[in-house]
Amino acid sequence: MNNNIKGIHHITAIAGNAKKNHDFYTRVLGLRLVKKTVNFDDPHTYHFYYGDKTGTPGSILTFFPWEGITIGRRGARQVTEIGYSVPENSLDFWLKRFDDNNVIYNKPSEKFGEQYLSFLDPDGLKIELTVPKNADNREPWTTNEVSAENATRGFHNITITSNKIEATAKILTDVFGYRLLEQHVNRYRFITDAVDNAAIVDLVEIPSEIAGHVAGGSVHHVAFRVENEEILMQYREKIVNLGLNITEKIDRNYFYSLYFREPGGVLFELATENPGFATDETVEQLGSGLKLPAQYESIRKDIEKTLPKLD
Ligand code: ZN
């Protein structure tokens, strides 16, 4: 049994138009929609989960699309960049694809000796495609337009921006089992050895940066991966012992979760590997049906009528 935090489980962000979001992530980026459900607290809003074939932890990016939501602002106390890993020599493919699809991007650059290409999704969410130093052997989801030699492999890293990184770093090292790998100017790269991928958290320290505003095009929270509920509850105790507030265990249908705000201001979630996404539809069917938690099945017709059409 692996008692450590096993890197990133999923990242949840906020979008505006549902159709645009769905088109961008499934067609342009070539991810699989592994679950189409609703916001459990607001069932007339979608909750999309994009990932690899089965929605492996470390590959899952989720969105709440709220039509007409104001655009957020990147800043301190936020996850400010989401990094996917891509194969060597794939950046030219992505540059052309972004040109063809009017995606806003910066020319490729390098950090910690790794080449990356950063771009914005339709709501301004900042994402990076990175060619990692160590080859990423995860099996990609592929489409007619995005083949295996170019497809994303799941997450490489996330970046958190802070006025002062110390307290967040302490959670990563003393509680989550990460260690400082490298530092360049004000970017501190932390890694966990518990997993091979989705193992990196970069903390960027900018003392004067004003706090970001979480709305459209920004990250709502990042979830870290634990093996099962027993380990989840061990972490709950560790967080409680630090004097931080943390929720009770919440059943998210596809995983069990706890939420707490880390001292740097970012909402952290801990999420289990079990039961996974193939619980209410088969692996082949993932993402094809609208899946509702039991409490909303009685109003399914009403929900289906009000949710935006995706094609
Ligand atoms: Zn979550």
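Right, let's walk through the structure included here.

The rules behind these values
- Residues numbered from 1 in each chain as written.
- Predicted model: local features only at pLDDT ≥ 70, side-chain atom pairs only at ≥ 80, totals over all residues.
- Heavy atoms only, no water.
- 1 Å grid on protein atoms, 1.4 Å probe; cavity = no way out; pocket = protein on both sides within 12 Å on 5 of 7 lines; lining within 4 Å.
- Points joined across faces, edges and corners; volume = space filled by probe spheres on them.
- Nonpolar A, V, L, I, M, F, W, Y, C, P; charged D, E, K, R; others polar.
- Helix = DSSP H or I, 4+ residues; strand = E, 2+ residues; numbered from the N terminus.
- Pairing = 2+ DSSP bridges.
- Axes fitted to C-alpha atoms, helices over the stretch in contact; angles between N-to-C directions.
- Contact = heavy atoms within 4.5 Å.
- Donors = N, O, S within 2.8 Å, 3.2 Å for Na, K, Ca; no water.
- Buried < 20%, exposed > 50% of the residue type's maximum accessible area, 1.4 Å probe, protein only.
- Core = buried A, V, L, I, M, F, W, Y, C linked by side-chain atoms within 4.5 Å.
- Salt bridge = Lys/Arg side-chain N within 4 Å of Asp/Glu carboxyl O.
- Phe/Tyr/Trp six-rings, centres within 6.5 Å; stacked < 30°, edge-to-face > 60°.
- Lys NZ or Arg CZ within 6 Å of the ring centre and 35° of its normal.

**Things to note about the layout of surface pockets**
Okay, step 1: Estimates place the volume of the largest pocket at around 360 Å³.
Okay, step 2: Together, 21 residues line the largest pocket, and Asn134, His156, Ile191, Asp196 and Ile200 are the ones closest to its centre.
Okay, step 3: Looking at side-chain class alone, the lining of the largest pocket contains nine nonpolar, five polar and seven charged residues.
Okay, step 4: Taken as a whole, the second largest pocket spans an internal volume of roughly 290 Å³.
Okay, step 5: Mapped onto the lining of the second largest pocket, the elements with two or more residues apiece are β1 (8-15), β2 (32-39), β3 (42-51), β4 (60-65), β13 (219-226), β15 (255-261) and β16 (267-275).
Okay, step 6: Broken down by class, the residue content of the lining of the second largest pocket amounts to eight nonpolar, seven polar and three charged.

**A short note on the sheet that holds strand β8 (residues 126-130)**
Okay, step 1: Read from one edge to the other, the open sheet built from eight strands follows the order β6-β7-β8-β5-β9-β12-β11-β10, with strand pairing classed as mixed. One side of each edge strand has no neighbouring strand; the edge strands of this open sheet are β6 (109-111) and β10 (179-184). Recorded for the sheet is a direction-independent mean angle of 30 degrees between the axes of neighbouring strands.
Okay, step 2: The sheet contact formed by strand β11 (residues 187-191) and strand β12 (residues 200-205) spans five bridges and is antiparallel. Directly across from Arg189, in β12, lies its bridge partner Asp202.
Okay, step 3: Helix-sheet contacts for helix α3 (residues 166-175) involve β9 (155-162), β10, β11 and β12, and the interaxial angle to β12 is about 165 degrees.

**Topic: the coordination of the zinc ion**
Okay, step 1: Coordination of the zinc ion by the protein involves His10 (NE2), His221 (NE2) and Glu269 (OE), with metal-donor separations of 1.9 to 2.0 Å.
Okay, step 2: Take Glu269: its relative accessible area is 0%, and that puts it in the buried class.

**With respect to the nonpolar core**
Okay, step 1: Membership of the largest hydrophobic core comes to 70 residues, with the highest contact counts inside it found for Tyr25, Phe176 and Phe224.
Okay, step 2: If sequence neighbours within four positions are ignored, Phe224 has contacts with Ile5, Gly7, Ile8, His9, Leu172, Phe176, Tyr178, Val201, Phe268, Glu269, Leu270 and Ala271.
Okay, step 3: Counting nine residues, the second-largest nonpolar core is a separate cluster that includes Val34, Tyr49, Ala223 and Leu286.

**With respect to empty space enclosed by the protein**
Okay, step 1: For the structure on display, the rule yields three cavities of 30 Å³ or more.
Okay, step 2: Quantified by volume, the largest cavity comes out at close to 60 Å³.
Okay, step 3: Its residues placed into classes, the lining of the second largest cavity shows four nonpolar, four polar and three charged.

**Let's talk about the pattern of salt bridges**
It is possible for side chains bearing opposite charge to pair when their charged atoms get close.
Okay, step 1: Counted under the stated rule, the structure contains 24 salt bridges.
Okay, step 2: In this structure, Asp174 engages Lys170 in a salt bridge whose closest nitrogen and oxygen atoms are separated by 3.0 Å. You can see Asp174 and its partner Lys170 sitting in helix α3, four residues apart, about one turn around the helix. Each member of the pair, Asp174 together with Lys170, is exposed.
Okay, step 3: Two residues, Arg300 and Glu297, come together in a salt bridge whose shortest N-O distance is 2.9 Å.
Okay, step 4: The network of salt bridges with common partners includes Glu81, Lys111, Glu114, Lys126, Glu128, Arg187, Arg189 and Asp202.

**Overview of the packing of aromatic side chains**
Aromatic ring pairs are reported here in terms of the distance separating the ring centres and the angle at which the planes meet.
Okay, step 1: A complete count under the given rule lists 24 aromatic pairs for this structure.
Okay, step 2: Plain terms: the ring middles of Tyr49 and Tyr254 are 6.2 Å apart, the flat faces sit at 75 degrees to each other, and that makes the pair edge-to-face. Here Tyr49, found in strand β3, pairs with Tyr254, found in the loop between β14 (250-251) and β15; they are 205 residues apart in sequence, far enough to count as distant. Both residues of the pair, Tyr49 and Tyr254, count as buried.
Okay, step 3: One aromatic cluster is present, formed by Phe24, Tyr25, Tyr46, Phe48, Tyr50, Phe63, Phe93, Trp94, Phe98, Tyr105 and Phe119 through successive ring pairs.
Okay, step 4: One Lys or Arg, Lys111, reaches over the ring of Tyr116 and ends 4.2 Å from the middle of that ring.

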